[in-house]
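# Report on the structure
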Amino acid sequence: MLGSNATALSIIIRLQLTEDASYSDVATAIGEADGDIIAVDVIHASKDNVVRDITVNVRNHEHQVRVENSLRKRNGIKVINVSDRTFLVHLGGKIEVQAKTPVKNRDDLSRVYTPGVARVCEAIHEDPNKAYQLTTKRNTIAVVTDGTAVLGLGDIGPEAAMPVMEGKAMLFKQFADVDAFPICLNTTDVDEIVRTVRAIAPGFGGINLEDIAAPRCFEIEEALRRELDIPVFHDDQHGTAVVVLAGIMNAIKIVGKSMEDLNVVVCGIGAAGVACSKMLLAAGVKNIIGVDRDGIIERGRAYENPMWAWYAENTNPERRQGDLTAAIRGADVFIGVSRPNVLTVEHLKLMASDPIVFAMANPNPEIEPVKAEPYVRILATGRSDYPNQINNILSFPGIFRGALDARASDINEEMKLAAACAIASCVREEELNEQYIIPSVFNPEVVKRVSKGVAEAAVRTGVSRREAVLFK
Ligand SMILES: NC(=O)c1ccc[n+]([C@@H]2O[C@H](COP(=O)([O-])OP(=O)(O)OC[C@H]3O[C@@H](n4cnc5c(N)ncnc54)[C@H](O)[C@@H]3O)[C@@H](O)[C@H]2O)c1
Ligand SMILES: O=C(O)C[C@H](O)C(=O)O
Ligand SMILES: [Mg+2]
């Protein structure tokens, strides 16, 4: 099994050396800690102090700390900063805006800008639909967050959410050629978020809501879907649910079970948990038990959270009560969209034969894969360093590609179902096995099939405003 600890890290250590220390002290300190120096740069030099960047290969984070400590112990050496390659790729952010045509002279200038641009503005003023032909609207979406449920890190605020939103924008571009802008809002007020997104909507062909905590995410999405004529899609709900359904479709082929007979436990009844449950119910699953931090969502109990009230009426037909242990007894499938380390080996031992476990909390799953593996038939996580990556990255690029191609006004249930079937179909029957239930995110068929399925479903269900898409 792969593990991130096995990966060598290349770190850059910025040091300040006073006259008490020389480069050879640095080399010795790093050598004593078994670090491997790859490159040395001088950043600043004066008579009594030199600043150098030393690039060092280390085995893992613990080894990195050992190298740092060895340097810190030496007289005359001050460690100013340590960056690893992950931090380095984030320097200055991960995306930029590029012009499609150069502006080389006054003639160019008068076309792309004033006075030429004015005629284009007037044309759009006369017919606002022309924004789709004459601006970036047709290929551009906003990735909007309030930073309240960033990965499994929780409410870390809008600035800290930026790296994830930039990452989503990168993936939209690379995988589906969709231009996406990260928009991180400094408010968690439902009405203010709705007002703000409504106000910026004219420039966008779609809105991808991201990492907004439940239950506010449900209200925000519902209001925006009602009010806007462009698709609004909460990725953590539907992007995840689509990939989970695709994974379950393929997993049950391996274990020979049917949707109707599955006993499913969903852990974490937030954005992702509710959407996964709804999609599985729509696909024919009858017995789902939801568990959140206070235990099972009980049928018939009154909940203040309107989504939990809905959940209590539509799941848990056996009326189970108690904690995860009570829920998981006899379960065929565990779907984790909660927090790290909530699932134990003892829980796994209570499951039915051939357990299917999707432990999808990011960045650390509900159970460490190496612990779970001996006790499950099929294991999937949200991470890219293990087999079976169940991550919404498999769905959101293709879903928006298809929706934009169809100039859809919405992303509806049929479009999501088409996306799930398209993802599942990328693994051929003869390829299917326990370690391969879901295609790689790098499989080019995924976006192709998902976008086609989604665009066709948009036309079929009457939400497309561009039927020619079918003849592409
Ligand atoms: N792999 C993927 O594609 C993917 C997609 C979406 C979300 N996720 C992960 O799923 C998790 C939840 O995301 P979300 O957007 O639904 O967040 P959310 O904040 O809307 O929901 C999280 C839910 O988990 C519950 N929870 C917390 N601790 C728990 C515990 N010990 N036991 C049971 N429930 C507990 C919370 O009360 C909340 O209801 C995060 O870790 C996120 O990274 C993964
Ligand atoms: O960002 C991811 O990797 C998946 C998902 O959107 C999450 O919030 O965890
Ligand atoms: Mg997310």
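Because the structure is a prediction, the values reported are computed rather than measured.

## Quick look at the overall build of the protein
Broken down by element type, the protein carries 18 helices and 14 strands. Over its C-alpha atoms, taken along the principal directions, the protein stretches across nearly 75 × 70 × 45 Å. Looking at the protein residue by residue over its 472 residues, the buried ones come to 51%. Excluding contacts between residues fewer than 6 apart, the proportion of contacts in the protein whose partners are at least 24 apart in sequence is 67%. Within the structure as shown, the protein displays about 22800 Å² of accessible surface, and the carbon and sulfur contribution to it stands at 51%. Here the protein carries 52 positive and 63 negative side-chain charges, and the mean point of each set is 3 Å from the other.

## Quick word on unusual backbone geometry
Note that the residue after T114, namely P115, is joined by a cis bond; omega there is 10°. Here P115 lies in the loop between α4 (106–112) and α5 (116–126). A cis geometry characterises the amide bond from A214 onward to P215, with omega recorded as 0°. Tracing the sequence through the fold places P215 in the loop between β7 (206–209) and α9 (216–227). Even without a glycine there, the phi angle at D34 is positive, about 70°. Position of D34 relative to the elements: it lies in the loop between α1 (23–32) and β2 (36–45). Backbone geometry places N341, a non-glycine residue, at a positive phi of 60°.

## A word on the packing of helix α17 (residues 413–425) against helix α18 (residues 444–460)
Describing two packed helices takes the angle between their axes plus the distance from one axis to the other. Between α17 and α18, the least distance of the axes is 8 Å, while the angle of their chain directions is 155°. By the angle between their axes, α17 is roughly antiparallel relative to α18. In terms of crossing hand, the pair formed by α17 and α18 is right-handed. Between α17 and α18, the contacting residues are E414, M415, A418, A419, A422, I423 and S425 on the first element and V446, R449, V450, G453, V454, A457 and A458 on the second. Residue classes in the contact of α17 with α18 are distributed as 10 nonpolar, two polar and two charged.

## Concerning the domain arrangement of the protein
Interface size is commonly expressed as the accessible surface area that is lost when the partners come together. Taken domain by domain, the protein comprises domain 1 (9–90), domain 2 (106–230) and domain 3 (236–472). Relative to domain 3, the C-alpha centre of domain 2 lies at a distance of 26 Å. With 34 residues of domain 2 at the interface, the matching set in domain 3 holds 29 residues. Interface of domain 2 and domain 3: buried area, both sides summed, is about 2500 Å²; carbon and sulfur atoms make up 57% of it. Contact with domain 3 buries area across many residues of domain 2, yet F175, F218 and R225 alone supply 24% of it, more than any other trio. Taken together, the links from domain 2 to domain 3 amount to two salt bridges. When the shortest N-O distance is used, the salt bridge between R225 and D410 registers 2.9 Å. Summed over the shared surface of domain 2 and domain 3, the result is 11 residue pairs in polar contact (both at pLDDT 80 or more). Mapped by element, the contributors of at least two residues to the side of domain 2 that touches domain 3 are α6 (131–134), β5 (140–145), α7 (157–176), β7 and α9. Here the element with the most residues in the side of domain 2 that touches domain 3 is α7; it accounts for six residues.

## Some words on the pairing of strand β6 (residues 179–184)
Here six bridges tie β5 to β6, and the two strands are oriented parallel to one another. Bridge pairing links T140 to D179 in β6. A crossover connection joins β5 to the parallel β6 through α7; in handedness this β-α-β unit is right-handed.

## Comments concerning the site of ligand 2
In the vicinity of ligand 2, the contacting residues are L151, K168, E210, D211, D235, D236, N362, N391 and N392. Contact distances for ligand 2 include 3.0 Å between an oxygen atom and a side-chain N or O atom of E210. Protein contacts shield 80% of the accessible area of ligand 2, which totals 260 Å² for the unbound molecule. Of the residues contributing to the shell around ligand 2, the split by class is one nonpolar, three polar and five charged.

Definitions and cut-offs
Counting from 1, residues in each chain are numbered in the order their sequence is written. Chain letters and ligand numbers both follow the written order, the letters beginning at A and the numbers at 1. Where local features are concerned, this predicted model is filtered to residues with pLDDT of at least 70; where side-chain atom pairs are given and counted, the filter is 80 or more; whole-chain, interface and lining totals use all residues. Calculation of side-chain values draws on the structure's entire complement of heavy atoms; hydrogens and water are dropped beforehand. Each helix is a run of DSSP H or I of at least 4 residues and each strand a run of E of at least 2, with the numbering of both proceeding from the N terminus. Note on exposure labels: buried denotes an accessible area under 20% of the residue type's maximum, exposed denotes more than 50%, and partly exposed covers the range between, all computed with a 1.4 Å probe on protein chains only. Contact definition: two residues touch when any of their heavy atoms are within 4.5 Å. Note on areas: Shrake-Rupley with a 1.4 Å probe; residue coverage comes only from the protein chains shown. Counted charges follow a simple rule, with Lys and Arg positive, Asp and Glu negative, and His plus the chain ends left uncounted. Lys charges are placed at NZ, Arg charges at CZ, Asp charges at CG and Glu charges at CD. All axes here are fitted lines through C-alpha atoms, helices being fitted over the stretch that makes contact, and every angle between N-to-C directions spans 0 to 180 degrees. Should an angle fall under 35 degrees it is taken as roughly parallel, and over 145 as roughly antiparallel, whereas 65 to 115 is taken as roughly perpendicular and any remaining angle as oblique. Left-handed describes a crossing whose near helix is turned anticlockwise from the far helix through less than a right angle; right-handed describes the clockwise counterpart. For this classification, Asp, Glu, Lys and Arg are treated as charged, while Ala, Val, Leu, Ile, Met, Phe, Trp, Tyr, Cys and Pro are nonpolar and the rest, including Gly, are polar. For the domain bounds, the source is a domain assignment made automatically or taken from a database. Each of two parts loses accessible area, computed with a 1.4 Å probe, when they are put together; buried area is these two losses added. For this analysis, a salt bridge means a side-chain nitrogen from Lys or Arg found within 4 Å of a carboxyl oxygen belonging to Asp or Glu. Counted as a polar contact is a pair of N or O atoms within 3.5 Å, where, for protein atoms, one must be capable of donating a hydrogen and the other of accepting one, and residues adjacent in sequence contribute only when both atoms are in side chains. At least two bridges found by DSSP between two strands is the condition for calling them paired. Note on handedness: a clockwise path from strand one over the helix to strand two, with the strands aimed away from the viewer, defines a right-handed crossover. Summary of the distance rule: residues count as near a molecule or strand when at least one heavy atom falls within 4 Å of that molecule or strand.

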